Amino acid sequence: MGDISGTLSARQSIGAKLTRIHWPVAALMCLLACIGLSALYSVAGGNFSPWAERHALRFIVTLALVIAIALTPLRWWLSLAYPTYAAALLLLALVPVIGTEALGARRWLSMAGTTFQPSELMKVALVLMLARYYQWLGSRRVSHPHWVLLPLVLIAAPVVLTLKQPDLGTAVLFSVVGLSLMFLAGVNILYFVGGGIACGLLAPIIWARLHDYQRRRIEIFLDPERDLLGAGYHITQSKIALGSGGLSGKGFMQGTQSQLNFLPEKHTDFIFTTFAEEWGFIGALGLLGLFLLLFLLVLSMAFACRSQFARLVAAGAALILFLYAFINIAMVTGLIPVVGVPLPLVSYGGTSMTTIMIALGIAMCAFVNRTQGIRTG
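Everything numeric here is computed off the predicted structure, so don't read it as measured data. The residue numbers shown here count from 1 along each chain, following its written sequence. Totals for whole chains, interfaces and linings use all residues, but because this is a predicted model, local features are given only for residues with pLDDT of at least 70 and pairs of side-chain atoms are given and counted only at 80 or more. In computing side-chain values, all of the structure's heavy atoms are included and hydrogens and water are not.

1. As for the side chain of Thr273
- Inspection of the secondary structure puts Thr273 in helix H12 (residues 271–304).
- Contact between two residues is taken to exist if any of their heavy atoms lie within 4.5 Å; hydrogens are not considered. Not counting residues up to four positions away in its chain, the partners in contact with Thr273 are Ser238, Ala241, Leu242, Leu263 and Val332. Strands are runs of DSSP state E lasting at least two residues, helices are runs of H or I lasting at least four, and both sets are numbered from the N terminus onward.

See below:
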């Protein structure tokens, strides 16, 4: 009888948690993935191979993982924060030693027959680590200089390792996510003002230490016509495609820039341009609205949580989602220099999709357990 009652209790607990999952967030994830599926089908000339079918399979498998993560006890993620961060940092340190090089950068590791970017794992690990730290620290000590230094070191470690790959875009993303979480944890705003002034004063030194290709990207961002067939080709073709879409677009699979292969990286970094050329300004605005709605819903989950750890984990997931989408769309529209950041759930790419969805799964777990307090011991 004891075993039967225990099984029934476990089922009831899982059933109760299922009702507390934020299903509108899951529905938006599915909608964005379907948009990505149709865009990848289009850029392949009306074929599910090679991108669309893999995109769909990865999403379905990872969505099941997201629901499973949402049903786990939140204390599991609290206990995993330290080892996850340590493991991600170790993998990042191994990249310069045994990493796989492509397109002039060494950012990938090949293990067990698969290739992945440790920097993607670090995005989730950094959020967990900082959330765990501020849960332990409490609100009274967050602005003391001694306790401000440690999170800066935790942020700086992956930033330095990522810059060595080199990957300036991801290093900036680490910095923004980490500093934003410090701000949300209650660190005095004067620290951020002082840091901004210091960065401004150090700008000439930072510029001098950039790699040649990084400086070239910034120069081309300021004047794309300087090298239309070279470094400025990507953004020039992207702007042509965006403009040719007009108000309502050229229609599904009718985008000339993507179908005729003028648009580079049309299935990854420039998938938004592909979509906008086919569906126009109205379609692009609708896609932006979906991302904004998803961001706001995830952020609202953070505000609903009782514990500091749960709030910061959910807020961190919202920040990662927002930064991915903002950087990608700003990049392809010429608002910032071109960097290799995919559009969440829409672009083709296994590691980035897994990272975003795991982060959203942990945010869902925080929301499911939103009324619980947490003791760090």
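2. Overview of the pattern of salt bridges
- Salt bridges are counted wherever a side-chain nitrogen of Lys or Arg sits within 4 Å of a carboxyl oxygen of Asp or Glu. One pass over the full model with this rule turns up two salt bridges.
- Across the pair Lys123 and Glu120 runs a salt bridge whose closest N-O atoms are separated by 3.4 Å. Separated by three residues within a single helix, Lys123 and Glu120 lie in helix H5 (residues 118–137), roughly one turn from each other. The same class applies to Lys123 as to Glu120, namely buried. Buried residues are those whose accessible area, probed at 1.4 Å on protein chains only, stays under 20% of the maximum for their type, while exposed residues exceed 50% and partly exposed ones sit between those limits.

3. Observations regarding the packing of helix H2 (residues 23–43) against helix H3 (residues 52–70)
- Relative to each other, H2 and H3 sit at 170 degrees, their axes nearing to 9 Å. Regarding the angle of H2 to H3, the classification is roughly antiparallel. Residues Trp23, Met29, Cys30, Ala33, Gly36, Leu37, Leu40 and Tyr41 of H2 lie in contact with H3, whose contacting residues are Ala52, His55, Ala56, Phe59, Leu63, Val66 and Ile67. Geometry is summarised by axes, namely lines fitted to C-alpha atoms with helices restricted to the contacting stretch, and by angles between N-to-C directions that run from 0 to 180 degrees. Roughly parallel covers angles under 35 degrees, roughly antiparallel covers those over 145, roughly perpendicular covers 65 to 115, and oblique covers all other angles.

4. Points about the packing of aromatic side chains
- The pairing test for Phe, Tyr and Trp rings, Trp by its six-membered ring, is centres within 6.5 Å, and the orientation test on the planes gives stacked under 30 degrees, edge-to-face over 60, and tilted for anything in between. Under the defined criterion, the tally for this structure stands at 10 aromatic pairs.
- Note on Tyr41 and Phe252: the rings are 6.3 Å apart at their centroids and 5 degrees apart in plane angle, and the pair reads as stacked. Remark: Phe252 occurs in the loop between helix H10 (233–245) and helix H11 (256–259) and Tyr41 occurs in helix H2; sequence separation between them is 211 residues.
- With 5.7 Å between their ring centres and 10 degrees between their planes, Phe322 and Phe326 make a pair best called stacked. Remark: Phe326 and Phe322 occur in helix H13 (residues 308–332); sequence separation between them is four residues, near one turn of the helix.
- The class for Phe322 is partly exposed, based on a relative accessible area of 37%.
- Members of the aromatic cluster, each reached through a chain of ring pairs, are Tyr41, Phe48, Phe252, Phe275 and Trp279.

5. Concerning the state of the cysteines
- Only a pair of cysteine sulfur atoms within 2.5 Å counts as a disulfide in this structure description. All chains considered together, the criterion is met by zero disulfides.
- Take Cys30: it sits in no disulfide, and the sulfur closest to it among the cysteines is that of Cys34, at 6.7 Å.
- Considering cysteine sulfurs only, Cys305 is the nearest to Cys365, which forms no disulfide, with 9.4 Å between them.
- Taking relative accessible area as the criterion, Cys365 reaches 0% and is therefore assigned buried.

6. Quick look at the packing of H3 against helix H14 (residues 350–368)
- Their axes nearest at 8 Å, the elements H3 and H14 cross at an angle of 25 degrees. Considering their axes alone, H3 and H14 lie roughly parallel with respect to each other. In this structure, H3 crosses over H14, and the sense of that crossing is right-handed. On the side of H3, the interface is formed by His55, Arg58, Phe59, Thr62, Leu63, Leu65, Val66, Ile69 and Ala70, while H14 contributes Gly350, Met353, Thr354, Met357, Ile358, Gly361, Ile362, Met364, Cys365 and Val368. What makes a crossing left-handed is the near helix being turned counterclockwise from the far one by less than a right angle; a clockwise turn instead makes it right-handed.

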